[in-house]
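The lines below spell out each chain.
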Protein chains: 2
Amino acid sequence: FADSMAKMGLRAIILEGMVKEDKWYFLKIDEEKVEFISADDYIGLGNYATAKKLFKRFGNKYSLITIGQAGEQKLINSGLALTDLHNRSGRMAARGGLGAVMGSKKIKGILLNKKGTYKNHKTDSEKFEAVRKAYHKIINECERIKVLAEYGTASTVMDAQRVGALPTFNFSRGQFDGAENLSGENIYNLIKERGGEGENTEACMSGCLIRCSNVFPDKKGKEIVAPLEYETLGLIGSNLGISDPDEVAKINYICNDYGLDTIETGGALGVMAEAGLVKFGDAKEFINILREVPKNKWRGRMVGMGTGITAKFLNIRRSPVVKNQCMSAYDPRAVKGTGVTYATSPMGADHTAGLTIFMPIDHHNKKDQVKISRLMQISRAAYDSLGLCVFLMAATASHPDIVVALLNSLYGLELKPEYINELGKLTISLEKKYNKDAGIGKNDDRIPEFFKEETLPPFDLTWDIEDKELDEIFLDL
Amino acid sequence: FADSMAKMGLRAIILEGMVKEDKWYFLKIDEEKVEFISADDYIGLGNYATAKKLFKRFGNKYSLITIGQAGEQKLINSGLALTDLHNRSGRMAARGGLGAVMGSKKIKGILLNKKGTYKNHKTDSEKFEAVRKAYHKIINECERIKVLAEYGTASTVMDAQRVGALPTFNFSRGQFDGAENLSGENIYNLIKERGGEGENTEACMSGCLIRCSNVFPDKKGKEIVAPLEYETLGLIGSNLGISDPDEVAKINYICNDYGLDTIETGGALGVMAEAGLVKFGDAKEFINILREVPKNKWRGRMVGMGTGITAKFLNIRRSPVVKNQCMSAYDPRAVKGTGVTYATSPMGADHTAGLTIFMPIDHHNKKDQVKISRLMQISRAAYDSLGLCVFLMAATASHPDIVVALLNSLYGLELKPEYINELGKLTISLEKKYNKDAGIGKNDDRIPEFFKEETLPPFDLTWDIEDKELDEIFLDL
């Protein structure tokens with residue numbers, strides 16, 4: 001979808017207001033015409049079926065953003081599904097309830113013509129070409145990126161397992177007996193052995209140098225879901241006690257179809273398992289619960305309202321959320337820098353705001369974690385603002401000059417390397433201002449109490465970073 | 001129960017720790033012996049049945065505090081039922097989830113022998129007797145107290161209706177077409193006409209001069225519930241569109257039996273009606289929902305988790321709560337001083353912390369409301385701390401000298417009249433400190449947004465007191 005936006009010369013598509021009558025619409029964007037067309041015949045369809053029906057009607061000439069049944073119901077655990085290079089609705093803008101926002105406007109989706117004719121002619125310049133080559137060289141030589149290219153994000157399973165941070169049985173353990181089944185290596189081997197539609201290397205956008213995605217097939221080689229990623233393996237796999245990657249992939253597909261975030265879904269199901277509504281490891285029953293989402297039955301509704309509300313509703317104290325957003329697949333007691341990010345990121349518990357697990361430090365020791373989280377959060381905010389993939393940071397974070405040179409050659413600017421850092425700080429300060437105006441204050445920048453009180457096996461870790469330290473992380477912003 | 005505590009010379013009964021094994025207990029207190037006795041045979045019983053079974057076993061010689069099925073399940077909308085002078089479990093310490101606290105300790109109840117022999121001999125003194133007489137004279141001459149004595153708190157229905165503050169259809173209107181059916185006068189006449197077990201005047205404690213309680217009978221004169229109070233008539237009556245006081249009384253009885261707060265229950269049911277799960281006015285279906293509470297079915301669970309969580313779960317924006325506690329029966333847009341109390345009281349939205357509707361001011365005008373709420377909150381905190389009925393305030397608030405003289409003669413103290421005010425301030429500052437330590441800050445001292453954005457018919461009022469003003473109410477404490 002982002003490719004198509006660039007080709008159309010669009011930096012953003014803003015939907016103001018909302019449909020007042022009881023009708024649903026698609027926004028259809030061609031270069032010569034923008035129109036709202038009825039979506040009433042698509043209501044109740046999942047993301048995959050919606051895409052299929054639209055492609056049947058219009059051919060494959062549109063990139064799509066759609067919502068599934070979760071977004072239609074304005075469930076707060078609902079994201080947007082974006083089609084990938086192969087017209088799969090498997091790219092989720094999963095977190096933060098964006099599906100509910102689009103659903104509240106009664107917009108079922110956006111169709112964006114792929115054949116835009118916009119071109120930034122500066123990309124033809126020798127200057128740009130020289131910078132691009134230098135940039136690619138740095139990326140292609142990075143060891144971390146080589147791992148991602150080969151094993152994808154699933155490679156993180158054993159990293160988290162080793163450090164004792166793999167969420168297991170609703171964040172009550174940091175290692176999972178079935179972790180090796182879910183590991184990057186096992187996923188890689190399964191895809192290779194099974195062949196068929198499986199792919200160990202796939203790009204999520206044209207021109208990607210990393211190609212960390214995959215296509216996960218069943219035993220007969222038929223695609224179950226694409227991609228199958230680490231956070232899903234952690235939250236739907238180990239956190240629910242499911243060690244069979246086929247089951248994780250099936251649940252992932254259902255989540256994508258309904259438009260549910262797999263992290264938030266795994267968190268909510270984990271809380272339900274702790275409350276005794278379903279047994280850890282019972283993939284079949286977890287799927288039965290998910291099937292209740294489109295029907296708005298109460299177990300489905302809990303999933304749809306996410307981990308925090310499920311825990312409140314069921315009175316479960318072990319609720320792994322910050323700002324009502326479920327933590328991703330790093331227990332904060334075992335990767336403390338990421339815990340600092342969970343607590344202090346303006347967007348709630350999320351690794352993408354500042355993951356620290358790949359830093360060469362002692363993740364169990366609280367020393368310097370606030371400082372490291374701050375560094376990561378500022379860099380990531382800058383990369384997110386620029387629209388750069390955060391995985392590039394492993395290669396380019398230490399080369400802000402190259403990133404800035406790319407921008408300068410592309411837009412005719414004269415930015416200095418400090419710009420990256422300043423952009424990150426500006427972004428976070430704007431986010432914090434937004435939160436403040438929305439009534440979110442420092443009492444919300446907190447890791448839940450149970451992480452302080454319950455030790456995490458096997459390394460017997462607790463959350464021991466003081467609230468006071470957390471409050472100081474962005475005092476200057 | 002409080003009578004029996006005084007006779008036993010007890011100022012407080014403190015339960016520390018909790019039962020670890022899967023067994024339930026009563027705490028049984030006689031003057032010569034304190035013991036824990038098994039309550040396993042009482043689990044699953046409501047408050048009324050529990051009391052009946054205990055009285056059958058021990059005779060009527062104990063005052064009781066018990067929890068119903070709501071407290072057993074640790075539902076946060078659960079209170080404690082205290083027996084009254086007639087051994088009815090109808091006196092609820094309803095708000096704040098105390099039932100869940102006792103349930104978490106696996107204590108089904110406390111039996112306190114009524115025949116304690118403690119006596120404060122200072123009550124025999126001439127000095128005390130003189131002060132007592134002066135005190136009684138002030139109370140007996142107060143006009144507001146005369147209204148309470150005759151019509152009870154139900155008299156407030158038409159006061160709230162006139163000012164447009166009677167919560168109706170989930171706080172979407174301030175007047176209810178069926179208000180006269182629920183009025184103090186109608187309740188009074190029904191009780192008088194029906195006779196039988198009905199009583200228009202009843203004391204909730206021995207020696208009470210106000211006797212504002214009642215016993216509400218059915219058409220055959222058989223008691224439905226005792227007492228039937230204003231907040232219940234507002235939240236279960238008008239707020240749910242129920243105009244038949246018999247239906248309100250029946251629901252009240254069920255709430256008492258399960259141990260649910262009628263305010264929180266009415267709020268949650270109102271939100272469910274707005275979400276379309278039940279129709280406003282359909283008392284039969286509201287009762288069906290309540291019947292799900294002991295069964296832990298999902299509609300019952302919503303009631304049990306209260307208004308705020310129900311609204312989150314159902315995604316209903318019109319959620320009339322502050323600090324997750326449902327507002328009582330005064331819409332804050334129409335009684336703005338009470339709105340200030342809802343927002344700023346450390347204990348969440350509650351009238352008992354500082355009701356302003358009986359002050360001779362323009363309740364629709366925001367002028368001076370913060371000042372008036374502050375006065376009321378400080379006085380009420382003092383009266384609550386002393387264990388004095390807040391209804392006395394109508395008579396004695398302007399006579400702190402008499403209240404202090406009573407204390408001085410009773411305890412041999414030399415307190416000055418300023419003591420009352422200082423005690424109130426101290427109480428609130430301690431409560432605020434507790435909240436601060438619990439992570440509750442000024443962002444929680446807020447009236448929900450919908451009160452600012454939706455005008456309340458028929459007087460088209462909005463909540464227009466600035467957050468900044470709210471933040472200044474207790475700055476000195």
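As the structure is a computational prediction, the values presented were derived from the model and not from experiment. (Residues numbered from 1 in each chain as written. Chains lettered and ligands numbered in written order. Predicted model: local features only at pLDDT ≥ 70, side-chain atom pairs only at ≥ 80, totals over all residues. Heavy atoms only, no water.)

Asker: Before we move on, could you go through the packing of aromatic side chains and cite the residues and values that matter?
Answerer: This model, assessed by the stated rule, comprises 22 aromatic pairs over all chains. Taking 4.2 Å as the distance between ring centres and 0 degrees as the angle between the ring planes, the aromatic pair formed by B:Tyr48 and B:Tyr253 counts as stacked. Pair noted here: B:Tyr48 is in helix H2 (residues 47-58) and B:Tyr253 is in helix H11 (residues 245-258), with a separation of 205 residues, a long-range link. For B:Tyr48, a relative accessible area of 16% gives the class buried. By relative accessible area, which is 33% here, B:Tyr253 ends up partly exposed. The positively charged end of A:Lys53 is found above the aromatic ring belonging to A:Tyr42, 4.8 Å away from the centroid. (Phe/Tyr/Trp six-rings, centres within 6.5 Å; stacked < 30°, edge-to-face > 60°. Helix = DSSP H or I, 4+ residues; strand = E, 2+ residues; numbered from the N terminus. Buried < 20%, exposed > 50% of the residue type's maximum accessible area, 1.4 Å probe, protein only. Lys NZ or Arg CZ within 6 Å of the ring centre and 35° of its normal.)

Asker: Account for the packing of helix H15 (residues 336-344) of chain A against helix H16 (residues 369-386) of chain A, with residues named and values stated.
Answerer: Residue and element names in this part refer to chain A. In contact at an axis separation of 8 Å, H15 and H16 are set at 65 degrees when each is read in the N-to-C sense. Regarding H15 and H16, the two cross each other, and that crossing is right-handed. Between H15, through Lys 336, Gly 337, Val 340, Thr 341 and Thr 344, and H16, the contact on the second element is made entirely by Gln 369, Val 370, Ser 373 and Gln 377. When its residues are assigned to classes, the contact of H15 with H16 shows two nonpolar, six polar and one charged. (Axes fitted to C-alpha atoms, helices over the stretch in contact; angles between N-to-C directions. Left-handed = near helix turned anticlockwise from the far one by under 90°. Contact = heavy atoms within 4.5 Å. Nonpolar A, V, L, I, M, F, W, Y, C, P; charged D, E, K, R; others polar.)

Asker: Any chance you could break down the interface of chain A and chain B for me, citing the residues and the numbers?
Answerer: Contacts between the two partners involve 17 residues from chain A and, on the opposite side, 17 residues from chain B. For the pair chain A and chain B, the summed buried surface comes to about 1,400 Å²; carbon and sulfur atoms form 60% of the total. On the chain A side of the contact with chain B, A:Trp298, A:Arg301 and A:Phe313 bury the most area, a combined 41% of that side's loss. Across the chain A-chain B interface, the total number found is zero salt bridges. The tally of links from chain A across to chain B stands at eight residue pairs in polar contact (both at pLDDT 80 or more). (Buried area = accessible area lost by both parts, 1.4 Å probe. Salt bridge = Lys/Arg side-chain N within 4 Å of Asp/Glu carboxyl O. Polar contact = N/O pair within 3.5 Å; in protein donor to acceptor, adjacent residues only side chain to side chain.)

Asker: Which residues make up the relation of the copies chain A and chain B, and what values do they have?
Answerer: Applying a rotation about an axis and a shift along it to one chain copy brings it onto the other copy. The transform that puts chain A on chain B rotates by 180 degrees and translates by 0.0 Å along the axis, for an RMSD of 0.0 Å. On the angle and the small slide along the axis, the relation comes out as a two-fold axis. Ranked by how close their C-alpha atoms come to the rotation axis, the residues of chain A are headed by A:Trp298, at 3.3 Å. When the interface residues of chain A are mapped onto chain B, 100% of them again lie at the interface, so the same face is used by both copies. (Least-squares fit on C-alpha atoms with pLDDT ≥ 70 in both.)

Asker: Let's hear about unusual backbone geometry: which residues, and what values?
Answerer: Each neighbour pair has its own omega, and for B:Ala226 with B:Pro227 the value is -5 degrees, a cis peptide bond. Put simply, B:Pro457 and B:Pro458 share a cis peptide bond, and its omega is 0 degrees. Locating B:Pro458 in the fold gives a position in the loop between helix H20 (450-453) and helix H21 (467-471). Phi at A:Asn170 takes a positive value of approximately 50 degrees, unusual for a residue other than glycine. Residue placement: A:Asn170 occurs in the loop between helix H7 (156-163) and helix H8 (179-182). With phi around 60 degrees, B:Lys106 is a residue other than glycine that occupies positive phi space. Tracing the chain through its elements places B:Lys106 in the loop between helix H4 (98-104) and strand E6 (107-113). With a relative accessible area of 17%, B:Lys106 lands in the buried category.

Asker: Please set out the layout of surface pockets residue by residue, giving values where relevant.
Answerer: Residue and element names in this part refer to chain B. Quantified by volume, the second largest pocket comes out at close to 280 Å³. Along the walls of the second largest pocket sit 14 residues, with Tyr 48, Asn 87, Arg 88, Glu 223 and Tyr 253 positioned nearest its centre. When contributions to the lining of the second largest pocket are tallied by element, the ones reaching two or more residues are H2 and strand E9 (223-225). Per element, the largest residue contribution to the lining of the second largest pocket is five residues, and it comes from H2. Residue classes in the lining of the second largest pocket are distributed as six nonpolar, three polar and five charged. Counting contributing residues per domain, the lining of the second largest pocket is built from domain 1 (2-113) and domain 2 (153-326), each supplying no fewer than three. (1 Å grid on protein atoms, 1.4 Å probe; cavity = no way out; pocket = protein on both sides within 12 Å on 5 of 7 lines; lining within 4 Å. Points joined across faces, edges and corners; volume = space filled by probe spheres on them. Domains from an automatic or database assignment.)

Asker: Give me the domain arrangement of chain A: which residues, what numbers.
Answerer: Accessible area lost upon the coming together of the parts serves often as the stated size of an interface. Considered domain by domain, chain A is made up of domain 1 (2-113), domain 2 (153-326) and domain 3 (336-471). Centre-to-centre, using C-alpha coordinates, domain 1 of chain A lies 30 Å away from domain 3 of chain A.

Asker: Provide a residue-level description of helix H10 (residues 230-237) of chain B, including the pertinent values.
Answerer: Burial analysis of H10(B) places eight of its eight residues in the buried class, the great majority of the element. Buried residues in H10(B) make contact with helix H7 (156-163), helix H8 (179-182), helix H9 (184-194), H11, helix H12 (262-274) and strand E11 (325-326) of chain B.

Asker: Explain the pattern of salt bridges to me, and be specific about the residues and the numbers.
Answerer: If you walk through the whole model with that rule in mind, you get 68 salt bridges over all chains. Ionic pairing is found between A:Arg374 and A:Asp476, a salt bridge with its closest N-O pair at 2.8 Å. Taken together, the residues A:Arg374 in helix H16 and A:Asp476 in the segment after helix H21 (467-471) connect sequence positions 102 residues apart. Across the pair B:Asp261 and B:Arg95 runs a salt bridge, and its minimum N-O distance is 2.8 Å.

Asker: Give me the side chain of B:Arg333: which residues, what numbers.
Answerer: Residue and element names in this part refer to chain B. Note on placement: Arg 333 falls in the loop between E11 and helix H15 (336-344). Within polar-contact distance, the side chain of Arg 333 engages the backbone oxygen of Phe 171 at 2.9 Å. In this structure the side chain of Arg 333 is engaged in a polar contact, spanning 2.9 Å, whose partner is the backbone oxygen of Glu 454. Those residues within four positions of Arg 333 in sequence are excluded, and the remaining contacts are Phe 171, Phe 450, Phe 451, Glu 454, Thr 455, Leu 456, Leu 461, Thr 462 and Trp 463.

Asker: Just give me the short version of the packing of H11(B) against helix H13 (residues 283-290) of chain B, but keep the residues and values in it.
Answerer: Residue and element names in this part refer to chain B. Where H11 contacts H13, the axes come no closer than 10 Å and their chain directions differ by 5 degrees. Here H11 lies roughly parallel to H13, going by the angle between them. Here Glu 247, Ile 251, Ile 254, Cys 255 and Tyr 258 of H11 come into contact with H13, specifically with Ala 283, Phe 286, Ile 287 and Leu 290. By residue class, the composition of the contact of H11 with H13 is eight nonpolar, no polar and one charged. (Parallel < 35°, antiparallel > 145°, perpendicular 65-115°, else oblique.)

Asker: Let's hear about a negative patch on the surface: which residues, and what values?
Answerer: Residues and elements named next belong to chain A. On the surface, a cluster of negative charge is contributed by Glu 21, Asp 22, Asp 40 and Asp 41. In this fold, Glu 21 is placed in the loop between helix H1 (2-8) and strand E1 (25-29). The exposure class of Glu 21 is partly exposed, given its relative accessible area of 39%. (Patch = residues over 30% accessible without salt bridge, like charges linked within 9 Å, V, L, I, M, F, W, Y side chains within 5 Å. Areas by Shrake-Rupley, 256 points an atom, 1.4 Å probe, with all protein chains shown as cover. Lys, Arg positive; Asp, Glu negative; His and termini not counted. Charge placed at Lys NZ, Arg CZ, Asp CG, Glu CD.)

Asker: Pulling in residues and values, what's your account of the sheet that holds strand E5 (residues 91-93) of chain B?
Answerer: All names here are of chain B. Read across the sheet, six strands follow the order E2-E1-E6-E3-E4-E5 without closing on themselves; strand pairing throughout is mixed. Sheet topology places strand E2 (34-38) and E5 at the edges, where each strand pairs with a single neighbour. Across the sheet, the mean angle separating the axes of adjacent strands is 20 degrees when strand polarity is ignored. Along the sheet, H2 makes contact with strand E1 (25-29), E2, strand E3 (62-66), strand E4 (80-82), E5 and E6, crossing E3 at roughly 150 degrees. (Pairing = 2+ DSSP bridges.)

Asker: I'd like a description of the nonpolar core, backed by residues and values.
Answerer: In this structure, A:Phe313 and B:Phe313 are the most contacted members of the largest nonpolar core, which totals 166 residues. For B:Phe313, the residues in contact, after removing those within four places along its chain, are A:Trp298, A:Arg301, A:Met302, A:Met305, A:Ile309, A:Phe313, B:Trp298 and B:Met302. (Core = buried A, V, L, I, M, F, W, Y, C linked by side-chain atoms within 4.5 Å.)

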